[in-house]
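# Coordinate inspection notes
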Amino acid sequence: MQWKTGGGELLFRNIFTNHTLDVNVRWLAVLYFKNGIDRYWRRVAPHALSEEEKTTLRAGLITNFNEPVNQIATQISVLIAKVARVDCPRQWPELIPTLLESVKVQDDLQQHRALLTFYHVTKTLASKRLAADRKLFYDLASGIYSFVCSLWNHHTDTFLQQVCRGDEAAASNSLERTLLSLKVLRKLTVHGFVEPRWSIEVMGFLHAVFERLKQFLECSRSIRAENVCRDRLEKTIILFTKVLLDFLDQHPFSFIPLIQRSLEFAVSYVFTEAGEGIVFERFIVQCLNLIKMIVKNDAYKPSKNIEDSSPETLEAHKIKTAFFTYPTLMEICRRLVTHYFLLTKEELTMWEEDPEGFTVEETGGDSWKYSLRPCTEVLFFDIFHEYNQTLTPVLLEMVRSLQGSTNLEDTSAILIKDAVYNAVGLAAYELFDSVDFDQWFKSQLLAELQVSHDRYKPIRRRVIWLIGQWISVKFQSDLRPMLYEAIRNLLQDQDLVVRIETATTLKLTVDDFEFTTDQFLPYLESMFTLLFELLQEVTQCDTKMHVLHVLSCVIERVNMQIRPYVGCLVQYLPLLWKQSEEHNMLRCAILTTLIHLVQGLGADSKNLYPFLLPVIQLSTDVSQPPHVYLLEDGLELWLVTLENSPCLTPELLRVFQNMSALLELSSENLKNCFKIINAYIFLSSPEFLQMYAADLCRSFCELLKDITTEGQVQVLKVVENVLKVNPVLGSHMFQPLLPSVFRGIIDGERYPVVMSTYLGIMGRVLLQNAGFFSLLLSQMACELGQELDQILGNMIEMWVDRMDNITQPERRKLSALALLSLLPSLNSVIQDKFCGIINISVEGLHDIMTEDPETGTYKDCMLMSHFEEPKVTEDEEPPTEQDKRKKILALKDPVHTLSLQQFIYEKLKAQQELLGEQGFQALMETVDTEIVAQLQEFLQGF
């Protein structure tokens, strides 16, 4: 059923407003209507509604607010808000006045539904961002603010009175209205004023928020969990804190008069006895975030040069400084560490019952906004950073009081030590100058790792985590063997949480800038085996991914040294791949591991092909749903597999069938696709070209019609590589592409980087497949309806003129060789362009000739005579199989085998013999005398 089929919209409205019909039918009708607004309400939409139809519908929508079903009432409110977004206030000026009247009526249902609609309309209008829309919303806010404030106050007072009387049902209704009116006020307060601090009403409301919060928190004492109001009461308390947080975020300067009060309020409820028996977790998180946002707010931090700071910033800073005295900071720090950092009963139970769930804590990203532990840790970090000179001695005193081993029977002492060590890890960068971590590691921490009692496991886990935090801050490299020893022991710990935390620290240690393979090698075999055992033991997807990342990191850092130890992993990965069919993120981790594994194994990775190639096939097949997750890593794996492949196998060749669909996608993965195509060309061009060149050429012709300049260059470089590797077959196979290259040259392509690539391709054809070049020249003469010689002359002229577009020395030498290959010649056009050809040749000599200081002679620095295995230092990557292939290819490339000096000499000699001395002299006179002098200097000794 369509939304717009001659009066369909009226039909839908009549259905959902008819309360005698079945609820499900009415629900569908309201959804159809709501979804149709985006498509048919705007004037410019196809099949748009007429103004008369819209007027009738708008009037009908706000005739009466009496929908009895909550879900349908919400959808109608959202629907009205969607129309308001387009039409209010210009085409629908009566909407807001009607809503303001309707929220005053005595009928409970009508009042609630009108208030619900009022909220959704306000929320929608507040979200509009264009300047004209913002101005309209500012006007609306200033016009209705005092009315909404009094409405909110009325419902709030009514609720509090009803709670005192013990009238639960009435209180619940009033609380719902309090919540909705507060939601409207939040939108108006945060988004309805440019400078809210100048509005007495806004600032009055914000100050009232603190009073109301106290009333509601006290009220929560008497409303137990089983009370119908409890959930909504907590939502309202949280909404109060959201008003403050949003206002601080959007209007930091207007918030300055509220800083003192906010800090006093939050600190008293969260860090003193005032909050006992009242506060709940979500409220604590909001209070801590309020403190954090004030502490960290850039608007409240003066510039280094005080004169550059605004008066508002200085005032805010002054308030903060007066509040955060030494006793206050010390108390906050102590409470955070010794109260909030302590592992809770629930966490300890989870450690025992679901160790893997315990290790995958909610950290990182925005988790500090919603979860208590990350929230307390982020606040501690920010306060310590801001006031580190005050707090460092406080934290160090806590550490000193805990020296030596802790009584195994004293659980609370163990948990306190865990919390203090957590604080030292979080503040590692701030404590850099105050803690001799190396000494502490040797004298205390190492011994704590060796206490193997089950009750001491929180400390073993925390100490190994702590070392991970400090490893990149301050850790002597000659202590690493002791650390590796400790890690190896802890990877055999009886507790799974300790083992997983140890694996994380191993990753941080191996991934550190100061890591050296030599120090790690004695421990490699045992560590790798233990990590592999851990990978097999854990069962949850997230944990397996985590351990795989650690293994990947180890493989990546030790590279080829891993070869003797990977057998077990190689056998296990196919099984894990099969088991993870439903878990695409785990499969991504397996792909990453395989990438590092192939790089570590080099040519030996060929033994993995029975598993590896089907994995690449699946990951890069765009007709398979998992490609959405796996494609990027799959392409990377495909590329490294080719780069490390010793030879082309039929299976590896078959995987290329996935490529044409990938090229059609034209996504951000195109760059990797071109790298893969190049890798196939270097690996085995004849077989590959015979099988796929025709499809590839078609794909390239399509791509070049609609692609960026950079993309064009990437496509053309592939063609250039084909011609470099196989000039005869390549010219033939990519023949349909070459006319556009030729045309690009004679038309003087305006992008230098594209022109340079055009000349590189044409240089290869001219130098290495002259017969084909003649055919191409004839084809172009026919197509353009010009004389053959005229086209050749135009091309040489443009080549000489645009030589400066070519920046790569190889291509510059290639251009000189290619144009020189036209000599000797009696053709008048070539003789006419002789001067330009010589100019380019001398430019090429300047680019590539180096003078031997001993003999005073010049030699071509691009010449290569034999293949040498490069010596690789520890910091360098060893050459891949593809690097070796490129080196061997270079040994056959005219650019690296022909001496430009010799080539010029021979071509000029042949031209001289063809024309005779007199004719040749006349030709040489067309060249600038300075150029001739330079040429003679380069050709000394010939």
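Residues numbered from 1 in each chain as written. Predicted model: local features only at pLDDT ≥ 70, side-chain atom pairs only at ≥ 80, totals over all residues. Heavy atoms only, no water.

Now for the nonpolar core. One finds F380, W638, I677, F700 and F734 to be the most contacted residues of the largest nonpolar core, which totals 318 residues. Sorting elements by how many residues they give to this core places helix α32 (residues 670-705) first, with 17 residues. Non-local contacts of F700, meaning those with residues more than four positions away in its chain, are made with L663, F674, I677, V715, V718, V719, F734 and L737. (Core = buried A, V, L, I, M, F, W, Y, C linked by side-chain atoms within 4.5 Å. Buried < 20%, exposed > 50% of the residue type's maximum accessible area, 1.4 Å probe, protein only. Helix = DSSP H or I, 4+ residues; strand = E, 2+ residues; numbered from the N terminus. Contact = heavy atoms within 4.5 Å.)

As a further point, take the packing of helix α36 (residues 752-768) against helix α38 (residues 788-801). Between α36 and α38, the shortest axis-to-axis distance is 11 Å and the interhelical angle comes to 130°. Taken together, α36 and α38 sit at an angle that is classed as oblique. Here α36 runs over α38; the crossing is left-handed. Contacts from M755, L759, M762, G763 and L766 of α36 reach α38 at M795, M798 and W799. When the residues that make up the contact of α36 with α38 are grouped by side-chain class, the tally is 7 nonpolar, 1 polar and no charged. (Axes fitted to C-alpha atoms, helices over the stretch in contact; angles between N-to-C directions. Parallel < 35°, antiparallel > 145°, perpendicular 65-115°, else oblique. Left-handed = near helix turned anticlockwise from the far one by under 90°. Nonpolar A, V, L, I, M, F, W, Y, C, P; charged D, E, K, R; others polar.)

Moving on to the pattern of salt bridges. Counted under the stated rule, the structure contains 43 salt bridges. Residues R26 and E67 are paired through a salt bridge, measuring 2.2 Å at the closest nitrogen-oxygen approach. Linking R26 in helix α2 (residues 23-40) with E67 in the loop between α3 (51-61) and α4 (70-87), this pair joins segments that are 41 residues apart in sequence. Its relative accessible area of 5% is what places E67 among the buried residues. The shortest N-O distance in the salt bridge between R58 and D87 comes to 2.4 Å. In this pair, R58 is assigned in helix α3 and D87 in helix α4, connecting sequence segments 29 residues apart. What makes D87 buried here is its relative accessible area of 3%. One network of salt bridges, with partners in common, ties together E352, D454, K457 and D495. (Salt bridge = Lys/Arg side-chain N within 4 Å of Asp/Glu carboxyl O.)

Now for helix α19 (residues 411-426). Along its 16 residues, α19 runs 23 Å from first to last C-alpha, staying within 8% of the 22 Å computed at 1.5 Å per residue. Among the residues of α19, I414, L415, K417, D418, A419, V420, Y421, N422, A423, V424, G425 and L426 are the ones counted as buried. Along its buried surface, α19 packs onto α14 (326-340), α15 (345-353), α17 (372-386), α18 (388-400), α20 (437-449) and α21 (457-470). (Expected span 1.5 Å × (residues − 1).)

We now examine the packing of helix α23 (residues 496-510) against helix α24 (residues 517-537). It is at 11 Å that the axes of α23 and α24 come closest, and there the two elements cross at 135°. Relative to α24, the element α23 lies oblique. Crossing angle aside, the handedness with which α23 passes α24 is left-handed. Taking contact as the criterion, the partners of L496, R499, I500, A503, L506 and V510 in α23 are, on α24, F520, M527, L531, L534 and E537. In terms of residue class, the contact of α23 with α24 is built from 9 nonpolar, no polar and 2 charged.

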